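Geometric and topological summary
These are the residues of each chain, in order.
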Amino acid sequence: MNRLNCPEYIADLDKVCSLPLPWEKLANKTVAISGATGMIGTFLIDVLMHRNDIDGSHCSVLALGRSAEKARSRLPYFGRDYFSFEEGSVSATGYSPGAPADYVLHLASSTHPRQYATDPIGTIRANVDGLQNLLSYSVDCGARLLFASSVEIYGQNRGDVERFDEKYCGNIDCNTLRACYNESKRLGEAMCQAYRSQKGVEAVVARIARVYGPTLLPDDSKALSQFIHRSLVGEDVVLKSEGTQKFSYLHVADAVSGLLHILLLGNDGEAYNLADKGSDVMLRDLAGLIAKASGVKVVFELPDAQEAAGYSKATFALMDGNKARDELGWSARMGISEGISSTLYILRLLNDLGGC
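Strand order in this open sheet of seven strands is β3-β2-β1-β4-β5-β6-β10, and the pairing throughout is parallel. Each of the sheet's edge strands pairs with one partner strand only, and the pair in question is β3 (83–87) and β10 (271–274). In this sheet, adjacent strand axes meet at a mean angle of 20° when their direction is disregarded. Both strand β4 (residues 103–106) and strand β5 (residues 144–150) contribute to a ladder of four bridges, which runs parallel.

Now the structure itself:
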């Protein structure tokens, strides 16, 4: 079963498509999206294509990714009007998409521990070289660019605030392997400011909480993703720490609605947190929530050395989402319990019926 034939999944798309956004800004425009086959990129493309079906806005999607084969398995739009896919690595020297765009979203990035540990250079290059290529492309096109940054730019809470707002400067040990992700995201934000000042690019930044949802990739090694993967096949949820870490999470539908708010309404040069208090949770409680919903147990297991090298050093990282709410009118619609329940339900349905 294709996920686009799943009523529950379509309901998630409808919620985003019905938001009171200035959708007319996308009419007859082209949106280039790197990381098109990732968890967020896939859902965003589904929203834009679904919105085309609803209102005939003729918004063209230029999906950018490293594998056409993977794209065909993830994005069932090949041959459809207003969709095109371009195969290539955005971090390759001199890379530039072959067609112009009006909006550019740089979502391509390593996003989970095994990638950080096994390919730290690739992690940095996606966030730095890839972004530089797309910023240069935006200069040539006169496009507005959104850079997908992360809660991880804040690092570990020093104990001086309860939540990170956009003015918090962060606390990261840059002399570690794991810093390949945090520090390259921080540099990416600085690059956006440099290109704004020197090249006149319009650029906005989304600092996104930890994301989950039904477009989850099967090789995602983040803790929450592994909890979901194991529970779906009836295996016990494995917790590889005491689970006392407390983080902000966000359902992919809310992450995408936040990206659209920032892209269409965000002030040039500004960074916005995308997070919701209703989805702040301790890792062991999250494991318990998923285990209970799946009828399995939580078990403890030590991580192997490779996994441990890719783990975040932060143990308490909650975000303040007031700026996006107050300035852009964005708010999350799914708390963690509802979001996890919905994700498990949709993935079980898709898995039972042959995948998505």
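As a further point, take the packing of helix α2 (residues 39–55) against helix α8 (residues 252–265). Running from N to C, α2 and α8 point in directions that differ by 70°, and their axes come no closer than 9 Å. Looking at the two axes, α2 sits roughly perpendicular to α8. As α2 packs across α8, the resulting crossing turns out to be right-handed. Listed contacts from α8 to Met 39, Ile 40, Phe 43, Leu 44, Val 47 and Leu 48 of α2 are Val 252, Ala 253, Val 256, Leu 259 and Leu 260.

Per the stated rule, a full pass over the model turns up seven aromatic pairs. Considering the side-chain rings of Phe 78 and Phe 83, the 5.5 Å spacing of their centres and the 65° angle between planes classify their relative orientation as edge-to-face. We classify Phe 78 as partly exposed; its relative accessible area is 28%. Consider the rings of Tyr 154 and Phe 164, whose centres lie 4.9 Å apart with planes at 25°: the pair is stacked. Placement of Tyr 154 in the loop between β5 and α6 (179–199) and of Phe 164 in the loop between β5 and α6 is noted, with a sequence separation of ten residues between them. A residue is classified by how much of its surface remains accessible, and Phe 164, at 0% relative accessible area, is buried. Among the aromatic side chains, those forming a connected cluster through ring pairs are Tyr 77, Phe 78, Phe 83 and Phe 85. The residue whose ring lies beneath Arg 210 is Phe 247, and the NZ or CZ to ring-centre distance is 3.7 Å. Across from the ring centre of Tyr 272, 4.8 Å away, lies the NZ or CZ of Lys 323, which sits over that ring.

Cut-offs used in this document
- Numbering of residues starts from 1 in every chain and runs along the sequence as written.
- Where local features are concerned, this predicted model is filtered to residues with pLDDT of at least 70; where side-chain atom pairs are given and counted, the filter is 80 or more; whole-chain, interface and lining totals use all residues.
- Side-chain measures here rest on the full set of heavy atoms in the structure, leaving out hydrogens and waters.
- For two strands to be treated as a pair, DSSP must find no fewer than two bridges joining them.
- Going along the chain from the N terminus, every DSSP run of H or I of four or more residues is numbered as a helix, and every run of E of two or more is numbered as a strand.
- For helices, the fitted line uses only the C-alpha atoms of the stretch in contact; every axis is such a line through C-alpha atoms, and the angle between N-to-C directions lies from 0 to 180 degrees.
- Should an angle fall under 35 degrees it is taken as roughly parallel, and over 145 as roughly antiparallel, whereas 65 to 115 is taken as roughly perpendicular and any remaining angle as oblique.
- In this scheme the crossing of two helices becomes right-handed for a clockwise turn of the near helix relative to the far one and left-handed for an anticlockwise turn of less than a right angle.
- Should any heavy atoms of two residues lie within 4.5 Å, those residues are considered in contact.
- Between rings of Phe, Tyr and Trp, where Trp is taken as its six-membered ring, a pair exists when centres lie within 6.5 Å; planes separated by under 30 degrees are stacked, by over 60 edge-to-face, and by other angles tilted.
- Type-normalised accessible area, obtained with a 1.4 Å probe on protein chains alone, sets the label of each residue: buried when under 20%, exposed when over 50%, and partly exposed for intermediate values.
- Note on criteria: charge over ring means Lys NZ or Arg CZ within 6 Å of the ring centre, with the direction from the centre no more than 35 degrees off the ring normal.

As far as function goes, none of this settles anything; it's purely spatial.
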